[in-house]
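Structure at a glance
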Amino acid sequence: MWELRAYIKPYWKFVLLGPLFMLGEVFFDLLQPRLAAHIVNFGVVERDFSVIEKTGILMAVVALLSLITGVGCNLFASRASQNFGADIREALFKKVQTFSFDNVDQLKSGSLITRMTSDVVQVQNLLQIALQGLVRAPSLLIGSVVMALLMNMRLGLILLGTLVALSLVLVVLIRFSSKLFAAVQTRLDAVNTRIQENVAGIRVIKAFVRSGYETKRFEAVNRDYTDISIQAARFIALNAPIVTFIMNGCLVAILLYGGQDLVTQGSVQVGELVAFINYVIQVLSSLLMVSGLLMNVSQANVSAKRIHEVLETKSKIEDAPSSKVEHEKATAMLPVQQVKLSGVAFSYNGSAAAGDLVLQDINLEARRGETIAIIGATGSGKSSLVQLIPRLYDVTSGSIQIDGRDIRDLPLTKLRRSIGMMLQESFLFTGTIGDNIAFGKPDASQADIEAAARIAQAHDFIEKLPDGYETQLGQKGVNISGGQKQRLSIARALLIKPPILIMDDSASALDLGTERKLREALTAIMKDTVTFIIAQRITSVAGAHRIVVLDAGRIAGSGTHEELLAACEVYQDIYRSQFGKEEVMAHAQKQQPISFS
Amino acid sequence: MPRNSNPSRSANGSPASGNQAPAPAANFDQMGFRQGHGPLLGGPGKVRSKNTAGTLRRIGSYLALQRQSLITVVLSTVITSGLALLGPYMIGKMVDNYVVPRHYDGFMRMGMLLLGVYLLGAIFTWIQQYSASSLSQNTVRDMRRDIMKHYQRLPVPFFDQKTHGELMSRATNDIANVSNTLNQTVVQLISGVLMLVGSIVMMFVLSGWMTLITILTVPLIAFITKRITKYTRHYFSQQQRHLGEVNSFVQEMISGLKVVKVFGREATSTEQFRDINEKLRAVSIKAQSLSGSMGPMMNTMRNITFVIIAVCGGLFAYHDLITIGVIVSFLNYSTQFSQPINQLANQYNLFQSAVAGAERVFEVLELEPEMYDDREEWLNRSLPIRGEVVFDRVTFGYKPDVPVLKQLSLEASPGQMIALVGPTGAGKTTVINLLTRFYEIGSGQIRIDGRDIQQFSKQELRQQIGLVLQDAYVFSGTIRENIRYGRLDATDQEVEAAARHANADTFIRRLPKGYDTDLSADGSNLSQGQKQLLTIARAVLANPAILILDEATSSVDTRTELHIQEAMKSLMKGRTSFVIAHRLSTIREADSILVVNGGEIIEQGSHEELLQLNGFYAGLVHNQWAAQEQTG
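An unreviewed UniProt entry annotates chain B as ATP-binding cassette subfamily B protein originating from Paenibacillus taihuensis.

An unreviewed UniProt entry lists chain A under the name ATP-binding cassette subfamily B protein, with Paenibacillus taihuensis given as the organism. Comment text from UniProt for chain A, heading Subcellular location (unreviewed entry), reads "Cell membrane".

Looking now at the overall build of chain A. Secondary structure assignment for chain A yields 20 helices and 12 strands. In terms of overall size, chain A is more extended than a compact globule, its C-alpha atoms giving a radius of gyration of 36 Å where 597 residues would be expected to give roughly 25 Å. Taken along its principal axes, the extent of the C-alpha atoms in chain A is 125 × 60 × 55 Å. For chain A, long-range pairs separated by at least 24 residues make up 77% of all intrachain contacts whose partners lie at least 6 apart in sequence. Carbon and sulfur atoms provide 58% of the accessible area of chain A, an area that totals close to 22600 Å².

Bringing the packing of helix α8 (residues 211-265) of chain A against helix α5 (residues 67-99) of chain B into the picture now. Put simply, α8(A) and α5(B) touch, their axes get as near as 11 Å, and they point 15 degrees apart. In terms of orientation, α8(A) and α5(B) fall into the roughly parallel class. The handedness of the crossing between α8(A) and α5(B) comes out as right-handed. The residues of α5(B) that touch α8(A), namely those facing L251(A), L255(A), L256(A), G259(A) and V263(A), are I91(B), M94(B), V95(B) and V99(B). Of the residues belonging to the contact of α8(A) with α5(B), the class tally is eight nonpolar, one polar and no charged.

As a further point, take the UniProt feature "transmembrane region" (unreviewed entry) in chain A. As recorded in UniProt, the feature "transmembrane region" (unreviewed entry) lies at residues 12-31, 57-77, 133-151, 157-177, 235-256 and 276-297 of chain A. In residues 57-77 of chain A, the share of helix is 100% and the share of strand is 0%. The end C-alpha atoms are 30 Å apart.

With 15 residues, helix α17 (residues 512-526) of chain A ought to run about 21 Å at 1.5 Å a step, and its terminal C-alpha atoms sit 20 Å apart, in line with that. Taken as a whole, α17(A) has its buried residues at L512(A), G513(A), T514(A), E515(A), R516(A), L518(A), R519(A), L522(A) and M526(A).

Glancing now at the sheet that holds strand β5 (residues 451-452) of chain B. All names here are of chain B. Pairing in this open sheet of four strands is antiparallel, and the strands run β2-β1-β4-β5 from one edge to the other. Each of the sheet's edge strands pairs with one partner strand only, and the pair in question is β2 (405-412) and β5. Here strand β1 (residues 389-396) runs beside β2; their pairing, made up of five bridges, is antiparallel. Among the inter-strand pairings, V390 is bridged to a residue of β2, identified as E411. Along the sheet, helix α17 (residues 428-435) contacts β1, β2 and β4 (443-448); its crossing angle with β1, the most-contacted strand, is approximately 110 degrees.

All names here are of chain A. With domains assigned, chain A is organised as domain 1 (2-312) and domain 2 (338-590). One C-alpha centre belongs to domain 1, the other to domain 2, and the line joining them spans 56 Å. At the junction of the two partners, domain 1 supplies four residues and domain 2 supplies four residues. When domain 1 packs against domain 2, the two sides together hide about 370 Å² of surface, and 56% of this comes from carbon and sulfur. Along the contact surface separating domain 1 from domain 2 lie zero salt bridges. Linking domain 1 to domain 2 there are zero residue pairs in polar contact (both at pLDDT 80 or more). Grouping the amino acids of the side of domain 1 that touches domain 2 by side-chain chemistry returns one nonpolar, one polar and two charged.

Moving on, we come to the sheet that holds strand β2 (residues 359-367) of chain A. Residues and elements named next belong to chain A. The antiparallel open sheet is built from four strands, whose spatial order is β2-β1-β4-β5. Edge positions in the sheet fall to β2 and β5 (405-406), since each of these pairs with one other strand and no more. Bridging between strand β1 (residues 338-346) and β2 involves six bridges; their strand directions are antiparallel. Residue pairing for β2: V344 is matched across the bridge by I362.

In this section: the interface of chain B and chain A. Every contact between the two is made by 179 residues of chain B and, on the other side, 185 residues of chain A. Summed over the shared surface of chain B and chain A, the number is four salt bridges. A salt bridge links E266(B) to R416(A), with the nearest nitrogen and oxygen atoms 3.4 Å apart. Where chain B touches chain A, the interface holds 29 residue pairs in polar contact (both at pLDDT 80 or more). Sorting elements by how many residues they give to the side of chain B that touches chain A places helix α6 (residues 107-153) of chain B first, with 25 residues. Residue composition of the side of chain B that touches chain A, grouped by class: 82 nonpolar, 70 polar and 27 charged.

Counted by the stated rule, this structure contains 38 salt bridges over all chains. Across the pair D87(A) and R281(B) runs a salt bridge whose closest N-O atoms are separated by 2.7 Å. On the criterion of chain membership, the pair formed by D87(A) in helix α3 (residues 49-98) and R281(B) in helix α13 (residues 266-292) is interchain, its members lying in two chains. Accessibility classification places D87(A) together with R281(B) in one group, the buried group. As a salt-bridge pair, E496(B) and R480(B) come within 3.2 Å of each other at their nearest N and O atoms. One end of the pair, E496(B), is in helix α20 (residues 492-501); the other, R480(B), is in helix α19 (residues 479-484), with 16 residues separating them in the sequence. Each of R480(B), R484(B), D492(B), E496(B), D505(B), R509(B) and D516(B) takes part in a single network of salt bridges with overlapping partners.

Cut-offs used in this document
Residues numbered from 1 in each chain as written. Chains lettered and ligands numbered in written order. Predicted model: local features only at pLDDT ≥ 70, side-chain atom pairs only at ≥ 80, totals over all residues. Heavy atoms only, no water. UniProt positions renumbered as here; feature names shortened; annotations may be inferred. Helix = DSSP H or I, 4+ residues; strand = E, 2+ residues; numbered from the N terminus. Rg over C-alpha atoms; globule rule 2.2 N^0.38 Å. Contact = heavy atoms within 4.5 Å. Areas by Shrake-Rupley, 256 points an atom, 1.4 Å probe, with all protein chains shown as cover. Axes fitted to C-alpha atoms, helices over the stretch in contact; angles between N-to-C directions. Parallel < 35°, antiparallel > 145°, perpendicular 65-115°, else oblique. Left-handed = near helix turned anticlockwise from the far one by under 90°. Nonpolar A, V, L, I, M, F, W, Y, C, P; charged D, E, K, R; others polar. Expected span 1.5 Å × (residues − 1). Buried < 20%, exposed > 50% of the residue type's maximum accessible area, 1.4 Å probe, protein only. Pairing = 2+ DSSP bridges. Domains from an automatic or database assignment. Buried area = accessible area lost by both parts, 1.4 Å probe. Salt bridge = Lys/Arg side-chain N within 4 Å of Asp/Glu carboxyl O. Polar contact = N/O pair within 3.5 Å; in protein donor to acceptor, adjacent residues only side chain to side chain.

Listed below in structure tokens is the structure:
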């Protein structure tokens, strides 16, 4: 929790006032038994009616003061904790927005979500608890002991001794239980993983008739989890009886010793004995509370660490130093004439060792109006290559330049806004289809949106939906097909009319006819852009100005379809795999079976 | 969280009752997750159940399975409550009979007796908590098991209609809710009522008038509790709603973070987030301030009761109507009965939300499962089927009035490779969905080896079919485990052989840990194409009579695919395979290509035959090249 102190700081006044008021409340609460003792001693035993009257009024006033201070404490604590939580949430969100793909891959998006949601709730609750309960319990405890000592030293010492013994017991209990809780969490994760996979992979499970197997597997983790939680719960179950019994034992001791020896000696009066009993009860209740709260504290501490970890993570992609971009407006697009990759090498972990490198010796140049196609085997580095251009990852060595400027010297937002990229996985947001297409340019007109959708071959199917462009997409856009999703994300990228267009196998779910129409429609746009296309089909790349053949992270060949067909072995292989031997022969004989303009 | 917000008074002030021990289950509850789905699933205390009686009966039937624990919990709760009531009474008596008259015969014995009562109280509290934990954990274990078993048996359409998050939360949050409630609420409800009634009875025994005066505060407490809860509930449901908004926004923005970055929309989304976060901030300060005041209020109520007892008790004692011991006992009882009222109000809300959660669980359990025939003779009958597949005038639609397949007929003889081509939405995948009986046909008949597939059990049928889907799903675990999923008793050699057939062996061996590489839940350390190769290996290992590849190589490069096809050829000798693909390279080798459009087969034949036919298929092939001429 200490790590997050910076976020508490703005609310230091509340953080100070809350506990202060709580101390007030505790003080007033502690007065009550004392006053009651007064009534018994002087009102009842000494038979003084006016004492009962006056003390009664005093008690009522004290109760009122206790209410005021208590409510005050809560108001301050609530302000502190809720503001603290909201600030952390915002800080986390901002931080995550700066993350590179690397950071996200490392922290895992699922974990990021929990950190930003339930972990924040945990620490926020902890602060609230800390400012109220964690202040109240110990001060009530200390206060009770002090009051008791003031009233009678010897009885007070009995109470104090008991408390020391008790705290030892509690420390041992908590130490053991936190270990158990950690185990419980791990096994709960296992249960949740199985549930998640059973839901997400249900078709595979059914197709392979593995329900029996899955049920058995689930029962195993379910049993493990249940066993450990019962174990933990039983251990915790020791807490209350032990604490209560020790305190009650103390009560009996005070009653016996105080009631007989001290009363006969005359050093203790009956009223004081009554007050004492009440103090013991108060101590007991605050003890039970503390032991409950400590459990919360250790849990929230874990959350605080997890939050801190996110906040401390440095983005691997840093924006260009401001000195170089001062005079530039980040929102305008770059007027791209040329994109050049020179001597680019890349590895995901940043190491330059040959075994880690995903890309090596990449030299490539593309001018406005040109289309560069990238083809190659699964895992040859095609996606990695294009992800370097918008700086989703940074090159390990070499450089990428746009119009002669290293992209690391360009404002990051400006760079990315100048690139229309279609990712392999098409993610859509909750909202209407129209909103999704306009994601990159929220102020786009309906006509612009429709135009982009037309080029992406999405307009027709959108129009057929009952609500057209107003159709709501659910979580992850569940209600439309994979091919339709791809077309929407293509439209999304086209709408911003970027000077650089990157399509990462983004038409793989489209049928041949639709893909052909898409390619036709794109021709006009590509005249003014630098375009990179990753594809598997020769037919999708054959029309490109240049085809780059990637093989194990290196360029195995580069040139037009004909050039490669004549000279590049890997390309010939790919061609053969798609058209069969006879046709390669046939094409060779006919010299040029297809005309390339 | 409302109930955690002010724990400062949640501890019970009475010496002998240990019911308030921190409930461990509360710590397991993933609060944020539950709140994250606030608007979808309703926060605690907000959603009321529809059929409380029925749901309670069903929870009861689960509890009945843990009869022993249940009885122990109830009995020990009754005993601890009784003992807790006895304590203050005895203290009062000791003050009256021994301390005030300074007459100490038997004082020590009485003290030991009191100690004995407390010891028993402690023992029974322990027994109670011990059994309560088994009771709740075992009960929810059974519920979790049942819901998972049931998920396994529900038909595929059910999963297609629900989001994963929704299905997940029934098996996790809703059940956690039930667990918490069983663990604390049940015990607290019982002991709360017992303590309330018991305290009043004991007080009556001691002094009728004092009791009447004391319980005057009860309506006041009840009234204030009700008023505050009414307001807090309002603000809390608002808070839940805003928190839900924040959480689902976070969820979506994190999942789509790559898109956000690619489009450079970070600033905008931060701005959007700030908006909803500020709304949440404002409303949660209100909610927390209000609900947090409940604690001081209750504390004041207790103080007022304390004052009333002290003053009135003093007056009564002054007039010798009661003894000092009675005042002592009353001061103790007063904490014992104001507490339960507060608690009961809180617990009631918790209880309600747990019932609503349980109801959602039971809703799932009530859904009609897929018909699985587990008859022994079917399971054990080895079926050397030849793999002749016939679709006989099959008509089907996902919605009854929108047919996707119309009178579709097709025939595949054993050993044939059949390719299905056609535009998106033509019904290709539907054919597969019907053959595997993920969905049941509307009319017509599907036969394998001349036998209606309705006569196979689904298990038996699916065991004959190897299915590889476009969306390559890998499970968490090692690569080896993932492939072995196809046949659980396969040896390591067999697993590796299957991987070689699927052309996955090479890339697996290049990984630092080879076949023992651990795949995280979504297999994010493999490319889409590599995942597809793994799922193909999985199907190869299963060694099915019929193999279905539904866009299974769409992300695999064509050369690798060619290698796979060659390997498959030998493997699939004498077996039937269905291939759905957009790529010509994938389908050109097929024995028979079926062109599906508008739910019907419009052309059928080999690649060459169809080219000569110069119809739809020839058009598709031609179009690919035509487009190139224009762009090139």
